[in-house]
Amino acid sequence: MKDLDQKRGFTTSLGAITAAAGSAIGLGNIWRFPYTLGQQGGGAFLLVYLLFVFAIGLPIMMSEFVIGRRSQRNTVGAFRTLGPAYRRWSFVGVLGIVAAFLIYSFYSTVAGWTLNYVLLSSNGALSGKTPQEVSQVFSTFTSGTWAPLLCQMVFLVLTAAIITMGVQKGIERYTKILMPVLLALMLLLCLRSLTLKGASAGLSFLFKADFSKLTGGSVLSALGQALFSLSIGMGALITYGSYIRKEDNLFKTGLCVATADTLIALLAGIAIFPAVFAFGLSPASGPSLVYEVLPNVFNSMPMGRLFAVVFFLLLSIAALTSTISLLEIVVLWAVEELHCKRTAATLVVSLLIFGLGSLCTLSFGPLSGFHIAGYGVFDLLDRLTATYMMPIGALCLTLFLGWRYPKAEVREELTNNGKLKAGYFRVFYFSLRYLAPAALVIVLIMGILE
Ligand code: PHE
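Residues numbered from 1 in each chain as written. Predicted model: local features only at pLDDT ≥ 70, side-chain atom pairs only at ≥ 80, totals over all residues. Heavy atoms only, no water.

Engineer: For the overall build of the chain, give the residues involved together with the corresponding values.
Structural biologist: The helix and strand tally for the chain stands at 19 helices and zero strands. For 450 residues, the compact-globule estimate of 2.2 N^0.38 gives 22 Å, and the chain sits close to it at 21 Å. Its C-alpha atoms put the chain at 65 × 50 × 45 Å along the principal axes. A burial count over the chain gives 60% of its 450 residues as buried. Taking all contacts inside the chain whose residues are at least 6 apart in sequence as the whole, residues at least 24 apart take part in 84%. Looking at charge distribution, the chain has the averaged site of its 32 positive side-chain charges lying 5 Å from that of its 19 negative ones. (Helix = DSSP H or I, 4+ residues; strand = E, 2+ residues; numbered from the N terminus. Rg over C-alpha atoms; globule rule 2.2 N^0.38 Å. Buried < 20%, exposed > 50% of the residue type's maximum accessible area, 1.4 Å probe, protein only. Contact = heavy atoms within 4.5 Å. Lys, Arg positive; Asp, Glu negative; His and termini not counted. Charge placed at Lys NZ, Arg CZ, Asp CG, Glu CD.)

Right, dumping it as structure tokens:
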């Protein structure tokens, strides 16, 4: 405990920004965002998504930073530490721990696939294949038993290894190197995609808003995507907020993270859609978009094998910086609340995740017939967390900080005790108190009625 307190925190503001951006940027941006946008019709979805990110997402992200940095505690201990009167709000933190656990379980399945696609691309298993054969490779692999389980396990071990090294040595050092590499690789990919013949059709799909394609359901999925992509509503950013230095500017940190997250999602779109259209493929092919469509695209490109390796490596790196934050939420809680050793906590949590996670992985194969409430294990956890737990968590956070916690203290934390100017405060507080809770209630109602 003493050891942890002394070492607590990121050493630079850049470290804080890259770590939080690393949490936000992940499979959500590069795998989930393009396929959701593709299914929901393109440009109009993008506009709504952007609106949600900056009008609602950013204030909630700042709220998590405020709670984390002010309390210097894990997501459960944070509320109690802010004041004995807020002890009852600890349930929000508990909800977050459970959500992190569930998200990590199914997220590591997809992360494992990604890792295997680095291998498949580099050894040429996807080269020179027809689209049908490429799909066959995907379904043969994901419906297997040992190969996808092994990939998932490798990913869990990688994440655990970084977490055991602790905050400064592990999270900050690695994300500081990994994030710029990710950005560079992404730009390279966009460049290649944009120079393909027929690329412009993909660009207009992405950027031309056709509002007739917008339905209640697509607005809902845009909001859900915004929450998931920014890692909001389940304590990830309370945990990271507790590591941010007292002299850092929380508004600037939040703005940088939200902007970087959006930028990477946009770059993913620019890398994927022009290529999809240039090769006459469907933008609406769903969660398989990245794994089934892109290898065909790569196959038809000069140096496609190299680009494929680069792309899936990039996706693995992005997923890793997100799983680091998912595991850290649970581990910091176990260290601070249950007084476990960091290494022991990491080991036990990772083993438990592997237990539940393997059910998610096997739900594409041997367990595909096993359903709970009509869903396979993977789909159930995905739906439970993104559609219900994260919006409920986010709603509780806005109610706590907007209605329960003193406004003066929120302002004090955001201005570093009055040292910083906060011209944005009125707009921020309005969103926190009215706009965000109202929007979240609508999302939840739409989600339940669907
Ligand atoms: N935001 C991450 C992504 O886009 C997923 C995530 C959700 C990570 C919640 C941490 C907490 O991939």
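Engineer: I'd like to hear about the environment of L120, residue by residue, with values.
Structural biologist: Following the sequence through the fold, L120 ends up in helix α6 (residues 90–122). Each C-alpha atom, one on L120 and one on V309, is 8.5 Å from the other, the two residues being 189 residues apart in sequence. When sequence neighbours within four positions are dropped, the list of residues in contact with L120 reads A125, L126 and V137.

Engineer: Tell me about helix α10 (residues 199–207), residues and numbers included.
Structural biologist: Since the α-helix advances by 3.6 residues per turn, residues separated by three or four positions end up pointing in the same direction. All of the buried residues in α10 are A199, G202, F205 and L206. Angular distribution of buried residues about the axis of α10 spans 120°; they occupy a single face of the element. (Arc of directions from axis to C-beta.)

Engineer: Which residues make up the side chain of R342, and what values do they have?
Structural biologist: Residue placement: R342 occurs in helix α16 (residues 342–362). Residue classification places R342 among the buried positions, given a relative accessible area of 14%. At 2.9 Å, the side chain of R342 forms a polar contact with the backbone oxygen of I163. (Polar contact = N/O pair within 3.5 Å; in protein donor to acceptor, adjacent residues only side chain to side chain.)

Engineer: So what about the site of the ligand? Which residues, and what values?
Structural biologist: With respect to spatial proximity, 15 residues lie near the ligand, and among them A24, G28, Y107, F228 and S231 are the closest. Note that a nitrogen atom of the ligand is positioned 2.8 Å from one of the backbone N or O atoms of F228. Separating a nitrogen atom of the ligand from a side-chain N or O atom of S231 is a distance of 3.0 Å. Taken by itself the ligand offers 320 Å² of open surface, and the protein chains cover 100% of this. Residue assignment for the shell around the ligand shows that the elements contributing at least two residues are α2 (13–24), α3 (27–39), α11 (216–230) and α15 (304–337). Grouping the constituent residues of the shell around the ligand by class yields seven nonpolar, eight polar and no charged. (Near = heavy atom within 4 Å. Areas by Shrake-Rupley, 256 points an atom, 1.4 Å probe, with all protein chains shown as cover. Nonpolar A, V, L, I, M, F, W, Y, C, P; charged D, E, K, R; others polar.)

Engineer: Residues and numbers for unusual backbone geometry, please.
Structural biologist: Its identity as a non-glycine residue notwithstanding, S231 has a phi of 60°, on the positive side. With respect to the helices, strands and loops of the structure, S231 is situated in the loop between α11 and α12 (236–241). With phi around 60°, N417 is a residue other than glycine that occupies positive phi space. Residue position: N417 is located in the loop between α18 (407–414) and α19 (425–449).

Engineer: Explain the environment of V276 residue by residue, including any values.
Structural biologist: By the element assignment, V276 lies in helix α13 (residues 250–278). On the accessibility criterion, V276 (1% relative accessible area) is buried. With 77 residues separating them in the primary sequence, V276 and I353 have C-alpha atoms 35 Å apart. Excluding its chain neighbours within four sequence positions, the residues that come into contact with V276 are L281, S282, P283 and V293.

Engineer: Kindly report on the packing of aromatic side chains, identifying the contributing residues and their values.
Structural biologist: Here the distance between the centres and the angle between the planes together describe a pair of aromatic rings. Summed over the entire model, instances satisfying the criterion amount to 32 aromatic pairs. Measuring from ring centre to ring centre gives 5.5 Å for F106 and F378, while their planes differ by 75°; the resulting arrangement is edge-to-face. You can see F106 sitting in helix α6 and its partner F378 sitting in helix α17 (residues 377–404), a full 272 residues away along the chain. For the residue pair F106 and F378, the accessibility class agrees, reading buried in each case. Arranged with centres 6.4 Å apart and planes meeting at 65°, the rings of F298 and F312 form a pair that is edge-to-face. Placement of the pair is F298 in helix α14 (residues 289–299) and F312 in helix α15, with a sequence separation of 14 residues. Grouping residues by exposure puts F298 and F312 together as buried. For R32, the ring lying beneath its charged end belongs to F228, and the centroid distance is 5.3 Å. (Phe/Tyr/Trp six-rings, centres within 6.5 Å; stacked < 30°, edge-to-face > 60°. Lys NZ or Arg CZ within 6 Å of the ring centre and 35° of its normal.)

Engineer: Give me the lowdown on the pattern of salt bridges, citing residues and values where you can.
Structural biologist: The full count for this structure, using the stated rule, is 11 salt bridges. A salt bridge links R69 to E413, with the nearest nitrogen and oxygen atoms 2.7 Å apart. Of this pair, R69 sits in helix α4 (residues 43–71) while E413 is found in helix α18, placing the two residues 344 residues apart along the sequence. Note that E413 is salt-bridged to K246, the shortest N-O span being 3.7 Å. With a gap of 167 residues between them, E413 in helix α18 and K246 in the loop between α12 and α13 connect regions that are remote in the sequence. One salt-bridge network, in which partners are shared between bridges, spans R69, R70, K246, E409, E412 and E413. (Salt bridge = Lys/Arg side-chain N within 4 Å of Asp/Glu carboxyl O.)

Engineer: Please provide a residue-by-residue account of the nonpolar core, values included.
Structural biologist: Counting residues in each nonpolar core, the largest one holds 154 residues, and the members touching the most others are I30, Y291 and F311. For this core, the element with the highest residue contribution is α15, accounting for 19 residues. Excluding its chain neighbours within four sequence positions, the residues that come into contact with I30 are L182, M186, I264, A268, I272, V290, F311, L314, L315 and A318. (Core = buried A, V, L, I, M, F, W, Y, C linked by side-chain atoms within 4.5 Å.)

Engineer: I'd like a rundown of a nonpolar patch on the surface, residues and numbers included.
Structural biologist: Among the surface-exposed residues, L150, M153, V154, V157 and L158 lie close enough to one another that they form a single nonpolar patch of about 430 Å² accessible area. With respect to the helices and strands, V154 occurs in helix α8 (residues 146–164). By relative accessible area, which is 40% here, V154 ends up partly exposed. (Patch = residues over 30% accessible without salt bridge, like charges linked within 9 Å, V, L, I, M, F, W, Y side chains within 5 Å.)

Engineer: Run through the environment of Y107, naming residues and quoting values.
Structural biologist: Position of Y107 relative to the elements: it lies in helix α6. Judged by relative accessible area, Y107 falls into the buried class, the value being 6%. As for Y107 and G254, which are separated by 147 residues in sequence, their C-alpha atoms are 24 Å apart. Setting aside its immediate chain neighbours within four residues, Y107 contacts G26, L27, G28, F228, A319, S322, T323 and L326.

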